[in-house]
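Structural overview
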Amino acid sequence: MSLLSRFRGLPSVLLQHAKASYSSSATAAKLQELALEENCILVNENDQPLGNASKRDCHRVDETGNIRLHRAFSVFLFNSKGEMLLQRRSTHKITFPDCYTNACCSHPLHDIEGEREELNALGIRRAAQRRLNYELGIPLSQVRPENFHYLTRIHYADNGDGVWGEHEIDYILFLQKDVDLKPNESEVSEIRYIRRDQLDTHISGLDAPLTPWFQLILTHRLKLWWDNLHRLKKYQNLNEIERF
């Protein structure tokens, strides 16, 4: 049985066992390559679905410098003390390896019917639950779709290294909950919780760059949202797509 067939179609809860069996550096890189075959949801600038394309095709910078626009999400996770989880991406990641970022950043998949559901961003929430389980080992029962607070969408692009980049309508999800963590080493090399009053000092002391989407949100919105975790509804913007 091939490595691809071992992993394709496995429920997220079973992927924890799979990744334990395939934790070597070579296999971590292989898993990242296989993930490029997943199909993302292509959208226009108004976030209307246009079909699908592989993650590989959605992140390649073409000869004119363009990247296909697709749907994504970013989860910001806080514990009950109001501290925010920061993760460092694995060196095996295809896009922006070894960079610091928010708790989880990924895509709803076109091939998972439930992740195409648009009402109340339910498909996005389901995808976030799946990826938090896969990347950080958080039990599915601890991050139900209804636990996420959907704040807004951000349209951004970054050409990365000129070969791999980003061009996404990024759904911003906040989650404040104490959870159990068991990071997947093929995805995440480090995690830490940071305090709001130490944010600037902590970020300036990091020994690796930030991902472009995290830097963008940090610059324009994160401090305001973090200061208002107890009243996030006041800052929801569900009708517009924000562009900085």
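A few points on the structure.

**A short note on the side chain of Glu135**
Mapping Glu135 onto the fold places it in helix 5 (residues 122-136). For Glu135, the side chain forms a polar contact with the side chain of Gln87, separated by 3.2 Å. Discounting residues that sit within four places of it in the chain, Glu135 has contacts with Gln87, Ala103, Cys104, Cys105, Ser106, Pro183, Asn184, Glu187 and Val188.

**Observations regarding the packing of aromatic side chains**
Scanning the model with the defined rule gives 8 aromatic pairs in all. On the numbers, 6.4 Å between centres and 45° between planes, the contact of Tyr156 with Trp213 is tilted. A residue pair is termed long-range when its members are at least 10 positions apart, and Tyr156 in strand 7 (residues 149-158) and Trp213 in helix 7 (residues 212-227) qualify at 57 residues. Taking the relative accessible area as the measure of exposure, Tyr156 reaches 6% and is therefore buried. Members of the aromatic cluster, each reached through a chain of ring pairs, are Phe76, Phe78, Phe174, Phe214, Trp225 and Trp226. If you follow Arg60 out to its NZ or CZ, it ends over the ring of Trp164, 4.8 Å from the centre.

**Side note on the pattern of salt bridges**
Throughout the structure, instances matching the rule amount to 18 salt bridges. Among the ionic pairs, Arg56 bridges to Glu33, the shortest N-O distance being 3.7 Å. With a gap of 23 residues between them, Arg56 in helix 4 (residues 55-59) and Glu33 in helix 3 (residues 25-35) connect regions that are remote in the sequence. On the basis of relative accessibility, which here comes to 38%, the residue Glu33 falls in the partly exposed class. A salt bridge links Asp197 to Arg195; the shortest N-O distance between them is 2.8 Å. A relative accessible area of 37% means that Arg195 is categorised as partly exposed. Look at the salt bridges and you will find they share partners, linking Arg88, Asp98, Glu190, Arg192 and Asp207 into a network.

**Examining the side chain of Asn79**
Here Asn79 is to be found in the loop between strand 3 (70-78) and strand 4 (84-89). Residue Asn79 is classed as buried on the basis of its relative accessible area, which comes to 7%. A polar atom in the side chain of Asn79 sits 2.8 Å from the side chain of Glu83. What Asn79 contacts, discounting residues up to four positions off in sequence, is Gln176, Lys177, Asp178 and Tyr193.

Cut-offs applied
Residues numbered from 1 in each chain as written. Predicted model: local features only at pLDDT ≥ 70, side-chain atom pairs only at ≥ 80, totals over all residues. Heavy atoms only, no water. Helix = DSSP H or I, 4+ residues; strand = E, 2+ residues; numbered from the N terminus. Polar contact = N/O pair within 3.5 Å; in protein donor to acceptor, adjacent residues only side chain to side chain. Contact = heavy atoms within 4.5 Å. Phe/Tyr/Trp six-rings, centres within 6.5 Å; stacked < 30°, edge-to-face > 60°. Buried < 20%, exposed > 50% of the residue type's maximum accessible area, 1.4 Å probe, protein only. Lys NZ or Arg CZ within 6 Å of the ring centre and 35° of its normal. Salt bridge = Lys/Arg side-chain N within 4 Å of Asp/Glu carboxyl O.

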